[in-house]
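Chain by chain, the residues:
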Amino acid sequence: MAKLYHVPLSPFCRKVRLSLAEKKIECELVEERYWEKDTDFLRRNPAGKVPVLKIDGKTMSESAPICEWIEEKYPEPPLMPRSADARLEVRRLVSWFDDKFHHEVTSKLLYERVNKKIMKQGFPDSTNVKAGAKAIKYHLDYMAWLLDHRRWLAGDVMTLADFAAAAHLSALDYISDVDWNRSETVKDWYAKIKSRPAFRSILADQIPGFPPPPHYADLDF
């Protein structure tokens, strides 16, 4: 069985978890306190980051290559389209969420409110929190624009781009930092992806000291 070293609210780990679950690949989840720099963990990934996936006798790190490897090794059901142009758009949006969205929103909200407390790194920086709360509005509006023109974020079918976005938004939703009333289009998209069987373990996550809001696991939120 595959083994994933992860942190429950990490959007990068959640993206890998969603990819594995969508393809029905059984996986043991091992919570890793990577900030403690455990020697055994650093042997698995000298970069000292999660996710780390052990599967088929291999140990791999970094969510982007992990998800690409999963797609190439286990192509059904597909999370990448066939054409080069469509694949480009998926990769662009995955990078958008894992780079721009993460830098402007996730790191400013989730990392300030949750990670700092868990890692005993002090109190949230209010300037960062305000910046993240402002930036997420722009990103939700951009998602709404995309979904006004497409059925899913990257086109007519669900792809890894949707999982990348949902990974970040679900982690932020755990701490009630997503205004779902800003866009019915985005809310409907999230309800659709949230109802997939692949999402079940994500919705079951419980972080000690951080209870989820009542709507977090509600499919009719």
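Note that the coordinates shown come from a computational prediction; the quantities given were computed from them, not determined experimentally.

Undergrad: Teacher, can you tell me more about the pattern of salt bridges here?
TA: Any two side chains of opposite charge can pair if their charged atoms end up close together. As enumerated under the stated definition, the model contains 16 salt bridges in all. In this structure, Glu22 and Arg196 form a salt bridge, with 2.6 Å as the shortest nitrogen-oxygen distance. Separated by 174 residues along the polypeptide, Glu22 in helix α1 (residues 11-22) and Arg196 in the loop between α7 (184-194) and α8 (200-203) bring together distant segments of the chain. Note on Glu22: relative accessible area 10%, which makes it buried. In the salt-bridge network here, residues are joined through shared partners; they are Arg14, Arg17 and Asp205.

Undergrad: Help me understand the UniProt feature "domain: GST C-terminal" (unreviewed entry) in the protein, please; the structure alone is not making it clear to me.
TA: The sites that carry the UniProt feature "domain: GST C-terminal" (unreviewed entry) are, in the present numbering, residues 83-215. Secondary structure across residues 83-215 comprises 67% helix and 0% strand; the distance between its end C-alpha atoms is 38 Å.

Undergrad: So what exactly am I meant to see when it comes to helix α5 (residues 126-149) here?
TA: Since the α-helix advances by 3.6 residues per turn, residues separated by three or four positions end up pointing in the same direction. In a regular helix each residue adds 1.5 Å, so 24 residues correspond to 34 Å; α5 covers 36 Å between its end C-alpha atoms and thus fits that length. Listed in full, the buried residues belonging to α5 are Val129, Gly132, Ala135, Ile136, His139, Leu140, Tyr142, Met143, Ala144, Leu146 and Leu147. For α5, the elements touching its buried residues are α4 (84-118), α6 (160-174) and α7. The N-cap residue of α5 is Asp125: its side-chain oxygen and the backbone nitrogen of Thr127 are 2.8 Å apart.

Criteria and cut-off values
- Residues numbered from 1 in each chain as written.
- Predicted model: local features only at pLDDT ≥ 70, side-chain atom pairs only at ≥ 80, totals over all residues.
- Heavy atoms only, no water.
- Salt bridge = Lys/Arg side-chain N within 4 Å of Asp/Glu carboxyl O.
- Helix = DSSP H or I, 4+ residues; strand = E, 2+ residues; numbered from the N terminus.
- Buried < 20%, exposed > 50% of the residue type's maximum accessible area, 1.4 Å probe, protein only.
- UniProt positions renumbered as here; feature names shortened; annotations may be inferred.
- Expected span 1.5 Å × (residues − 1).
- Contact = heavy atoms within 4.5 Å.
- Polar contact = N/O pair within 3.5 Å; in protein donor to acceptor, adjacent residues only side chain to side chain.

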